[in-house]
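A structural walkthrough
Given next are the chains, with one letter for each unit.
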Amino acid sequence: MKPEPAPPQFLNVDLEVHSKTDLTGFVKSFGNRKVSVLYCGRQGAEFLTALELGTTRRTPEQLLARFCDLLEAMPPNVARLWSEASRRTFDIGIASGNTQPALALKISPATLARVTALRATIAVTVYPPFQA
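Below is a short write-up of the structure. (Residues numbered from 1 in each chain as written. Predicted model: local features only at pLDDT ≥ 70, side-chain atom pairs only at ≥ 80, totals over all residues. Heavy atoms only, no water.)

1. As for the packing of aromatic side chains
Per the counting criterion, the structure on display carries three aromatic pairs. When the centroid spacing of 5.9 Å and the interplanar angle of 20 degrees are considered together, the rings of Phe26 and Trp82 count as stacked. Within this pair, whereas Phe26 is found in helix α1 (residues 24-28), its partner Trp82 is found in helix α3 (residues 76-84), the two being separated by 56 residues in sequence. On the accessibility criterion, Phe26 (0% relative accessible area) is buried. In this structure Trp82 comes out as buried when scored by relative accessible area, which is 5%. Consider the rings of Phe67 and Phe90, whose centres lie 5.7 Å apart with planes at 50 degrees: the pair is tilted. Taken together, the positions of Phe67 in helix α2 (residues 60-72) and Phe90 in strand β4 (residues 87-95) put the pair 23 residues apart, joining distant regions of the chain. Overall, the relative accessible area of 0% leaves Phe67 in the buried class. Linked through ring pairs, Phe26, Phe30 and Trp82 together constitute an aromatic cluster. (Phe/Tyr/Trp six-rings, centres within 6.5 Å; stacked < 30°, edge-to-face > 60°. Helix = DSSP H or I, 4+ residues; strand = E, 2+ residues; numbered from the N terminus. Buried < 20%, exposed > 50% of the residue type's maximum accessible area, 1.4 Å probe, protein only.)

Dropping the structure here:
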């Protein structure tokens, strides 16, 4: 059976934080600010938390900016957990699709500067076409 035609599409931005310290306090600091916890716990020798935003903002630029807003407003005790993390990654998810047009995603220099100031990395994960 031939898969249905599907153009590439942006899926979401996940925030992944790795640390030698338990990140439960970091996760709880977001309260009810529309942050979904995908995972928070031990992974091997480190702790990992993976978060995404439950929001109507649907571009990588908008989601990165919102994450930056939240992270820049962290209280000092939570900011310490962030700064002690071994890895801080914003992962942009893309479904590769199997048809045209190509997908172009843009992130402004201002947002890149904010991500850099937070000492975070941007990664891009491309998923194969989804098949039902």
